[in-house]
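Coordinates in review
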Amino acid sequence: MRELFDEVAGQSPLDPQEAARRAARAPQSKRFYAKADVIEAENGFAVALDGRPIRTPSGRVVTAPARGIAQAIAAEWEAQQDAIDPLTMPMTRFANSVVEAVVDRVGLVAEDIAKYFNSDLLFYRAGHPEGLVAREAEHWDPVLFWAADELGAHFILAQGIMHVRQPEAAVEAARAALPDEPWSIAALHVVTTLTGSALLAIALLHGARDPDQVWAAAHVDEDWNASQWGEDEEAAERRAARLVDFRAAAEIIRIMNQSELRVG
């Protein structure tokens, strides 16, 4: 089992697209177990294949902090047919990455997200055509207004691609809204890298935007171009692959938020 995820687990928890590429190159193995179950484990819940908990390539038991996450991982293993295909197991790949490489460096992952506050997608606006300008404002302005009102983070917008230096106070205010829990911060990083926006990721985390709204906001320019010139088939395939990882990360965020509400 471990060799199936040797190239996807722990190698690049900060880059789900690279993880997917590595998974595509990994050889598939025959299903070797009869049943996947969720079992209680130290500090959370584990997924067991015929009674034996799954482990990362380095041998760590994959323990999720919420039962819902473990159930989602177990469902992926149950759904495998004759061969095990890591590409159809985004939650498992995510879990392996968290356990292997995020739990011991939450601060570094948070800092990597925080870099986006200096060059976030939402800051750089088109000057024309009017339809695109209006579309960007429709999807992006509510997030910026929310960040200003709820986080006290007042960012500066720019037209075109010329870099604009953001106020340090705004960056720090947004940085303070990041979680310090490994599963949530890892999911937030996936959303950030897939959308190009840490602000969209934080809006999702805090319930200011739902997953569909975040995904649409991240692709305003792409969708506008497709409406004008037609859709590129290869680009659409890449987007569909990214969406799989995005939805897995969004589900992690949803489950963790619900878990924290119950605890609170």
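**A short note on the pattern of salt bridges**
Throughout the structure, instances matching the rule amount to 13 salt bridges. Between Glu-111 and Arg-175 there is a salt bridge, with the nearest N and O atoms lying 2.8 Å from each other. Pair noted here: Glu-111 is in helix α4 (residues 106-114) and Arg-175 is in helix α6 (residues 168-175), with a separation of 64 residues, a long-range link. According to the relative accessible area criterion, Arg-175 is partly exposed, its value standing at 21%. Salt-bridge contacts for Asp-212 lead to Arg-247; the nearest nitrogen and oxygen are separated by 3.1 Å. Within this pair, whereas Asp-212 is found in helix α9 (residues 211-218), its partner Arg-247 is found in helix α11 (residues 233-263), the two being separated by 35 residues in sequence. By relative accessible area, which is 48% here, Asp-212 ends up partly exposed. Because the salt bridges share partners, they merge into one network encompassing Glu-222, Asp-223, Arg-239 and Arg-242.

**Re the pairing of strand β3 (residues 44-49)**
In terms of burial, β3 is a largely internal element, six of the six residues being buried. One ladder, built from six bridges, connects strand β2 (residues 36-41) with β3; its direction is antiparallel. Bridge pairing links Val-38 to Val-47 in β3. A loop of two residues connects β2 with β3, the two strands running antiparallel in sequence, and Asn-43 in this loop sits at a positive phi of about 65 degrees. The sheet contact formed by β3 and strand β5 (residues 63-64) spans two bridges and is antiparallel. Across the sheet, residue Ala-46 finds its bridge partner in β5, namely Thr-63. Bridge count between β3 and strand β4 (residues 52-53): two bridges; the pairing is antiparallel. Paired with Ala-48 across the bridge in β4 is Pro-53. Hairpin geometry of β3 and β4 is characterised by an intervening segment of two residues between the two adjacent antiparallel strands and by a positive phi of about 50 degrees at Asp-50.

**Some thoughts on helix α7 (residues 182-195)**
Think of an α-helix as 3.6 residues a turn; residues three or four steps apart then line up on the same face. If you check α7, its first and last C-alpha atoms are 20 Å apart, about what 14 residues at 1.5 Å a residue would give, namely 20 Å. Counting buried positions over the 14 residues of α7 gives 13, a clear majority of the element. Where α7 starts, the residue carrying a side-chain oxygen 3.0 Å from the main-chain nitrogen of Trp-183 turns out to be Glu-181. Looking one or two residues beyond α7, the residue adopting positive phi is Gly-196, at roughly 80 degrees.

**Some thoughts on the nonpolar core**
One finds Trp-77, Phe-117 and Trp-183 to be the most contacted residues of the largest nonpolar core, which totals 79 residues. With residues up to four places along the chain from it excluded, the contact list for Trp-183 reads Thr-63, Ala-64, Pro-65, Ile-69, Phe-94, Ala-95, Val-98, Val-99, Ile-252 and Met-256.

Conventions and cut-offs
- Residues numbered from 1 in each chain as written.
- Predicted model: local features only at pLDDT ≥ 70, side-chain atom pairs only at ≥ 80, totals over all residues.
- Heavy atoms only, no water.
- Salt bridge = Lys/Arg side-chain N within 4 Å of Asp/Glu carboxyl O.
- Helix = DSSP H or I, 4+ residues; strand = E, 2+ residues; numbered from the N terminus.
- Buried < 20%, exposed > 50% of the residue type's maximum accessible area, 1.4 Å probe, protein only.
- Pairing = 2+ DSSP bridges.
- Expected span 1.5 Å × (residues − 1).
- Polar contact = N/O pair within 3.5 Å; in protein donor to acceptor, adjacent residues only side chain to side chain.
- Core = buried A, V, L, I, M, F, W, Y, C linked by side-chain atoms within 4.5 Å.
- Contact = heavy atoms within 4.5 Å.

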